[in-house]
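Overview (structure and organization)
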Amino acid sequence: MLDKMIIGRYVPANSLLHRMDPRAKLLLVFLFVCVVFLANNFVSYGLLAVFTILLISVSKIPLRYLYNGLKPIFFLIVFTFLLHILFTKEGELLFEYGWFAIYKGGLIQGLFISIRFTLLILVTSLLTLTTTPISITDGMEELLGPLKKWKMPVHELALMMSIALRFIPTLMEETEKIMKAQTARGVDFSSGPIKERVKSIVPLLVPLFVSSFKRAEELATAMESRGYRGGEGRTKYRQLNWKTSDSLLMVSLGLLTVMLVLLRS
Amino acid sequence: MRITLDDVEYRYQVNTPFEHLALHDVNISMEQGTYTAIIGHTGSGKSTLLQHLNALLKPTKGRVFIGDRTIEAGRKEKALRPIRQKVGIVFQFPEHQLFDETVEKDICFGPMNFGVSENDAKQLARKAIAQVGLSEEILVKSPFDLSGGQMRRVAIAGVLAMEPEVLVLDEPTAGLDPRGRKEIMDMFYELHKREGISTILVTHSMEDAAKYADDIIIMHQGTVFKKGTPQEIFSDPEQLLELGLDVPDTVRFQLKLQKELGVRFDHPCLNIGDLAIEIDKAMKRGNR
Ligand SMILES: Nc1ncnc2c1ncn2[C@@H]1O[C@H](COP(=O)(O)OP(=O)(O)O)[C@@H](O)[C@H]1O
Ligand SMILES: [Mg+2]
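Residues numbered from 1 in each chain as written. Chains lettered and ligands numbered in written order. Predicted model: local features only at pLDDT ≥ 70, side-chain atom pairs only at ≥ 80, totals over all residues. Heavy atoms only, no water.

A short note on the overall build of chain A
What counts is decided by this rule: Strands here mean DSSP runs of E at least two residues long; helices mean DSSP runs of H or I at least four residues long; both are numbered from the N terminus. Burial status follows relative accessibility: with a 1.4 Å probe on protein chains alone, a residue under 20% of its type maximum counts as buried, one over 50% as exposed, and anything between as partly exposed. Contacts were defined at the residue level, with two residues in contact if any of their heavy atoms lie within 4.5 Å. Note that accessible areas follow from Shrake-Rupley with a 1.4 Å probe, and for residues the cover is restricted to the protein chains shown. Charge assignment: positive for Lys and Arg, negative for Asp and Glu; neither His nor the chain ends contribute. Here the site of a charge means atom NZ of a Lys, CZ of an Arg, CG of an Asp or CD of a Glu.
Per the secondary structure count, chain A includes 10 helices and 2 strands. Starting at the N terminus and walking to the C terminus, you meet the elements of chain A as α-α-α-α-β-β-α-α-α-α-α-α. When each of the 265 residues of chain A is scored for burial, the buried share is 38%. Taking as baseline every contact in chain A between residues at least 6 positions apart, the subset at least 24 positions apart corresponds to 73%. For chain A, the exposed surface amounts to about 15,700 Å²; the carbon and sulfur share of it is 69%. Positive and negative side-chain charges in chain A, numbering 30 and 19 respectively, have mean positions lying 3 Å apart.

The following block contains the structure:
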């Protein structure tokens, strides 16, 4: 039922993107998210798309898997597209029927926003698909390291993030299990009147909460009994190492930014 | 109600990098009113198989016949609720599915989903709670205030109250103490005998399988390795031991006698009484 979700999922493989330093990948995602907003015409959006496609191709993630994983988000994209078509009344009038009118500005805006949205989701998914939660956390902690000087609880934040990422698949599995158990007791999660379906959430959520709290408590006990005391003086077992390919990725992102600035219209 | 699996294959997460062939070439049949035990290592596909018995999973190839219904790969099925009522599944660690304020409400949940009125459901709850060996006082308590063993029994009562024709049990006694284990297994067996409920039990205990089941199915790496009556299954104990599976103590003892002292037996003995008689016979034959 939830098998197809790709958000927060890691696909083990040995591609170039998999081997890259998590810091490089985190920076890539962060900068990409900013850079996307530089694009404002078809050529620059095309350029962004090409860059994303290149990233996907070096990640060795099967296209069909990505596509299936994005399906649940399609309706959001279509929804924003439609909103723009309906409510942006700029530029040439292309089509009119009673109160319903499509303007060129709205169409283009809608298209751009949908492309932007898709690219952002693709690139962020690539990060989690090619990086284990633990390396994402390590990378995050390193990148935010300087903030420790200002008493930012960087280590704790990173830990919270890694626990959250770690338990997403577990929670999904658990959800599926409980859904199955309640389905066997006659609950219908997928059809029937809305009122019934909303009611069927309770037998799903209560067991999920109960087991999540129980798990949190067990995790805390396990950490404490192994002497966990927070980040102070803690050494790292996994060392990050920044390679030439990571620098190259940054350079290519820099080039992309320059081109996007030049292409702005 | 008879349940038949015809050439069933099941793949998890088809078309993803995580695609996993969990079942293949499964051909089995469970007749009305029989007690079937399914045995196999962890990961051999037992739980996946069970979920086909009430159409929680649809085969990715092949067909499943449940009573007069047919579940076929690649075909949409509607109105599965009647199947769910007739085939009750007690999942592994069923206490994880408890959610309601009181034990009574939780037990009534299943029957009421299948259209039983509140009053009748309460009646069923009272009957079910007695069946699992708990007192009626527990009905007003919160299920989360109970001990692990009591929660297990309440969850089982929740399935029994649905009055299924077929009862499917996925390692129902895992993690219980020996006494609780025996009580629950005896309870299921009595129910099977008294009310003629077809029972399908997944277990790791060869003793239980030998003691209760009419038929045994051995699963190995996603397919049926062997099926037959306990007599047939245990007639070649070495084959099972090679797979890393267990055999009942009595059969193990026979094997030892045969190997070390050369005693010959005509059939595997599944309880101590039978074993004693057979040893006595063998001694009288004097073939040692
Ligand atoms: N939701 C799932 N997604 C992917 N693979 C699964 C899923 N559930 C079970 N499997 C795999 O299918 C195989 C059979 O599992 P299962 O039926 O649970 O075995 P058993 O109950 O005999 O231990 C195992 O290899 C398991 O890892
Ligand atoms: Mg199992």
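Continuing now.
Structural notes on unusual backbone geometry
Residue and element names in this part refer to chain B. Here the phi dihedral of Ala 79 falls at roughly 50°; this positive angle occurs in a residue that is not glycine. Position of Ala 79 among the secondary structure elements: in the loop between strand S5 (69-72) and helix H2 (81-86). Its relative accessible area of 54% is what places Ala 79 among the exposed residues. We note that Phe 93 has phi near 45°; this positive angle belongs to a residue other than glycine. Mapped onto the elements, Phe 93 comes out in the loop between strand S6 (87-90) and helix H3 (103-113). In this structure Phe 93 comes out as partly exposed when scored by relative accessible area, which is 37%.

Structural notes on the domain arrangement of chain A
To keep it simple, the criterion reads: Note that domain bounds follow an automatic or database assignment of domains.
You can read the domains of chain A as domain 1 (2-131 + 242-263) and domain 2 (146-225). Taking the mean C-alpha position of each, domain 1 of chain A and domain 2 of chain A sit 29 Å from one another.

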